[in-house]
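Secondary and tertiary structure notes
Residue-level listing of the chains:
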There are 2 protein chains.
Amino acid sequence: MAVDGALDMKREESSSISSPHVHKVSSMSTNTLEEIFHPQSIAVVGASDNPSARGYARTAPLLKHGYQGKIYLVNPKYSEILGIKAYASIRDIPGPVDYVISCVPAPEVLGMLADCSQKGVKTVHLYTARLSETGRREAIELEQKILTEARNQGIRLIGPNCMGIYYPRQGMAFNDALPKESGSVGLVSQSGQAAEELARLASLRGVYFSKAISYGNALDLNECDFLDYLSQDAETKIILMYVEGVKDGKRFFNTLRRAAATKPVIIIKGGRGKSGTRAAASHTASLAGSMNIWEATVTQAGAIPAEDLDELIDLTVSFYFLPSIKGSRVGVVAEGGGSSVLAADQCEEAGLDVIALPTEIREELKSKGIPAWDWIGNPADMSIMLGIDFGVDDMLEIMAGNQNFDLLIAMMEHRYRGRLKPKGNELKPLLAVMRERSLGSDDYNSWKLMRQMRKKFIAANIPFYPTIRRAARSARKLIDYYQKRG
Amino acid sequence: MAVDGALDMKREESSSISSPHVHKVSSMSTNTLEEIFHPQSIAVVGASDNPSARGYARTAPLLKHGYQGKIYLVNPKYSEILGIKAYASIRDIPGPVDYVISCVPAPEVLGMLADCSQKGVKTVHLYTARLSETGRREAIELEQKILTEARNQGIRLIGPNCMGIYYPRQGMAFNDALPKESGSVGLVSQSGQAAEELARLASLRGVYFSKAISYGNALDLNECDFLDYLSQDAETKIILMYVEGVKDGKRFFNTLRRAAATKPVIIIKGGRGKSGTRAAASHTASLAGSMNIWEATVTQAGAIPAEDLDELIDLTVSFYFLPSIKGSRVGVVAEGGGSSVLAADQCEEAGLDVIALPTEIREELKSKGIPAWDWIGNPADMSIMLGIDFGVDDMLEIMAGNQNFDLLIAMMEHRYRGRLKPKGNELKPLLAVMRERSLGSDDYNSWKLMRQMRKKFIAANIPFYPTIRRAARSARKLIDYYQKRG
């Protein structure tokens, strides 16, 4: 925690920015969000030591992730929570409070905001839900009162009905399962569950987050504010978005275009059809709008659309590990006859060019005394090499040296020996395929082996995918992105 | 093993069927294949006790799966293999030999066929490869000589370049990893690897095979022979096919149409594009042909096309566990806000009708005192029920009793308590979604939990899928199938 004096100075500066009359959200400076992301102290209001309570679920991760500022817990029912002194009210906290996480029920929010105002709180994250998303009139009216009150008091709101900020470098987290490691992927997500899922799944493929924001009903701060911030954030190299609805289409388009000009922005839309739109309304009170307009907006702005969370992860992994690829001539290595045929089909259907095996490679195989030199093709079916000391790594090394290939895709289940380390050297871009099928297996050793393979890939900076189709589709979108940029 | 006398009689009968002049493959009776699938004795020629040798790979599974007939091993280099007496030649075997598995190199096949002929062998499975699929002229010529010689001797051939027969009920298997359990799914596959993969993956979802045939280059017996046989086989209720090319398009269409009229036939084509066609040629010497004609053929014949092996498994699981479903109104249960929105989108995009939650269900929830009765929808986002004793199973039970739904799809990761048992009673058809994401996790308990869930689903006859999208697409194809049939 910072020295009190320094903190006070900082707070004075900020009060001139987040003044009581900040109505033009679109002109909000990045500095304000810089402050929001770097609170010196957090108070959890409605904290609890009961593991099934919502107030516990927002408190424990801060402790577990080692939040670096000061943590205050507020709940009049307790004198101590999880070994930390509890205060009856925010007003009772001795030091300054920058950031409040509200776990109180919706009817208590207005009272809590009044306390926050007295205390000089700058940001309130409303984990509190059951507001406009319920569709109930009194809840919608209450939500509007909360916004008016916050604006009157110069308090910025995240939410309501959201998980708030995940900023591992600083120990801010909203879930115990979120990785403690930091990376360079930023996320703006209307869904907290999607944020959690994305961060967890990305980590299993070697990719970590700089900052993620779950912003729920977007009553005050919305997707544009956070997108704009991440586009200027030096810690963030790739931006992901999960959006159900936007408040201001024109502003969204301009912000997205500006952001996409600085770094890859990969975006998924929730609420695409009739029933999804209905679900989005009851999830985050979003008006989903026309899918045609959405797609045109995203594409024209230069962002990369994803169809589901799995594709979003695939694209993230691709942009994270792969360099700029501008050609689509792919060398494919597979581990069986049928899978070679299907791999060729799937690469071609994804828009990659599975060229015939270059003559130079045949000559090289011949000179190495490989008996199948005139039979092996592209895809290279390594099962015809059975009994010969020439494996997936060997074939990949030869293909990597050939200028006719722009990229390589290889099935490397159980077979990768860890020799190739594409990122950071001159080797050809390589996408590995390792199928996620351990679920079904009772075989502990097979599960262990897959974990080892996963770690080898990550250590070698090789992105991996659960199917050839997913690898190929992801590669194609990456190539499209870099081709457009010339 | 049968008594010698009885066997001899049987052999006499068969010799009149598989006479030296069986050239009209299309008129081959099912009885001949019945014999091929029920050999009283098998000889492995080129057997070996060296685990890295091809002759070992075809011998060990027969022993491990407990083949019920007599096994003879042939290799002049050994006097004993894996504890079993080895013969120098087929001719040295004392008893009759019905079925031979050839593991000898291609140049030795003609000599071996002469021995088979002397011994009265009816079927030779040529595991032997490196024939026409290599594209080499002398190999193509040799393959034709093998066919001529076999026909002259009245020997039927499976292959060359294939894994042959998997018939678990009888202990015939070509791979140790193949399940020993029997089921009702039959498979005709040009690729042995695909056959092995399909059998293994299906077993992990509670589905087992009656018989599978990997037939490779289809020099003599081909896809039509095996399809015709399975369509009349009482042990087979669902037929799967992996085909790279067919020899006779008209016969294939007629056989497929006949088969599809008796049971569901789910079919995947390998070699769909330019590079896949090239790969198919070098895999099984198949001429892949036009994809447009293929699709028209399959659809007109009443078969169900699959796009990849994963979809083939999904469809198999669907037809295996689900009844005839003729409507597409789906009730969806999900475990989070974002995933509910995306689930709705994906079901709708797959062609299912995610109807609004029926009023009767709201009334029932209200009468049960569920606070979110007027907020919960379809998809039902169970995360808004947090802290209330009302889980996925409870919601599913209420939906199952409502006549407005034709089927239900539910995300049940870690949550299914084993109460619902759809098959065999009057409950609504239910598809469970359990994501295959244990690969990445280092968490042993999570892996263990997923295995337990998997077993619960199988025990309850509930088909499960790794994503909502895959469940929804599979359901749609099943509904299309039953709607067409009226």
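Now for a look at the structure at hand. The structure presented is a predicted model; accordingly, all values stated were derived computationally and were not measured. (Residues numbered from 1 in each chain as written. Chains lettered and ligands numbered in written order. Predicted model: local features only at pLDDT ≥ 70, side-chain atom pairs only at ≥ 80, totals over all residues.)

Along chain A, the regular secondary structure elements total 17 helices and 18 strands. Burial analysis of chain A (486 residues in total) assigns 54% to the buried set. Within chain A, residue pairs in contact and separated by at least 24 positions form 71% of the contacts whose partners lie at least 6 positions apart. (Helix = DSSP H or I, 4+ residues; strand = E, 2+ residues; numbered from the N terminus. Buried ≥ 20, exposed ≤ 12 C-beta atoms within 10 Å, placed from the backbone. Contact = placed C-beta atoms within 7 Å.)

It is worth spelling out the environment of B:Asp310 at this point. Tracing the sequence through the fold places B:Asp310 in helix H12 (residues 309-321). Separated by 174 residues in the primary sequence, B:Asp310 and B:Arg136 have C-alpha atoms spaced 34 Å apart.

Our next topic: the relation of the copies chain A and chain B. Mapping chain A onto chain B calls for a rotation angle of 180 degrees and an axial translation of 0.0 Å; the resulting RMSD is 0.0 Å. What we have between these two chains is a two-fold relation. (Least-squares fit on C-alpha atoms with pLDDT ≥ 70 in both.)

With 58 residues of chain A in contact, the opposing surface of chain B contributes 58 residues. Going through the elements one at a time, helix H7 (192-204), helix H10 (274-284), helix H13 (337-349) and helix H16 (444-459) of chain A are the ones with two or more residues in the side of chain A that touches chain B. For the side of chain A that touches chain B, the element with the highest residue contribution is H13(A), accounting for eleven residues. Looking at the side of chain A that touches chain B, its residues break down into 17 nonpolar, 25 polar and 16 charged. (Nonpolar A, V, L, I, M, F, W, Y, C, P; charged D, E, K, R; others polar.)

It is worth spelling out unusual backbone geometry at this point. In the segment running from A:Gly159 into A:Pro160, the intervening peptide bond is cis, with an omega of 0 degrees. Inspection of the secondary structure puts A:Pro160 in the loop between strand S7 (156-158) and strand S8 (164-166). The residue after B:Asn378, namely B:Pro379, is reached through a cis peptide bond having omega 5 degrees. Tracing the backbone through its elements, the reader meets B:Pro379 in the loop between helix H14 (359-367) and strand S15 (380-381). A positive phi angle is found at A:Ala218, which is not glycine, with a value near 55 degrees. The topology assignment puts A:Ala218 in the loop between strand S10 (209-214) and helix H8 (223-232). Classification of A:Ala218 as buried rests on a count of 27 C-beta atoms within 10 Å. Residue B:Arg130 is not a glycine yet carries a positive backbone phi of 60 degrees.

For the rest of this paragraph, the subject is the environment of B:Ala259. All names here are of chain B. You can see Ala259 is positioned in helix H9 (residues 249-262). Ala259 sits in the buried class, given 26 other C-beta atoms within 10 Å. The spacing of Ala259 and Val188 is 71 residues in sequence and 12 Å in space, taken between C-alpha atoms. With near-sequence residues (within four places) excluded, Ala259 lies in contact with Leu227, Asp228, Ser231, Ile239 and Val265.

Looking now at the pairing of strand S16 (residues 407-411) of chain A. Residue and element names in this part refer to chain A. Counting buried residues along S16, five of its five residues qualify, which places the element largely inside the surrounding structure. Residues Leu407, Ile409 and Met411 of S16 are buried on one face, and the alternating residues Leu408 and Ala410, pointing to the opposite face, are buried as well. Bridge analysis of strand S14 (residues 330-334) against S16 gives four bridges, and the strand direction is parallel. Within the sheet, the bridge partner assigned to Val332 lies in S16 and is Ile409. In this structure, S16 lies alongside strand S17 (residues 430-433), joined through four bridges in parallel fashion. Opposite Ala410, over in S17, you have Ala432 as the bridge partner. (Pairing = 2+ DSSP bridges.)

The subject of this paragraph is helix H13 (residues 337-349) of chain B. All names here are of chain B. The end-to-end C-alpha distance of H13 is 19 Å, a good match for the 18 Å that 13 residues give at a rise of 1.5 Å each. Burial analysis of H13 places eleven of its 13 residues in the buried class, which makes it a mostly covered element. Listed as buried for H13 are Gly337, Gly338, Ser339, Ser340, Val341, Leu342, Ala343, Ala344, Asp345, Gln346 and Cys347. Phi for Gly351, located one or two positions after H13, is positive at around 100 degrees. (Expected span 1.5 Å × (residues − 1).)

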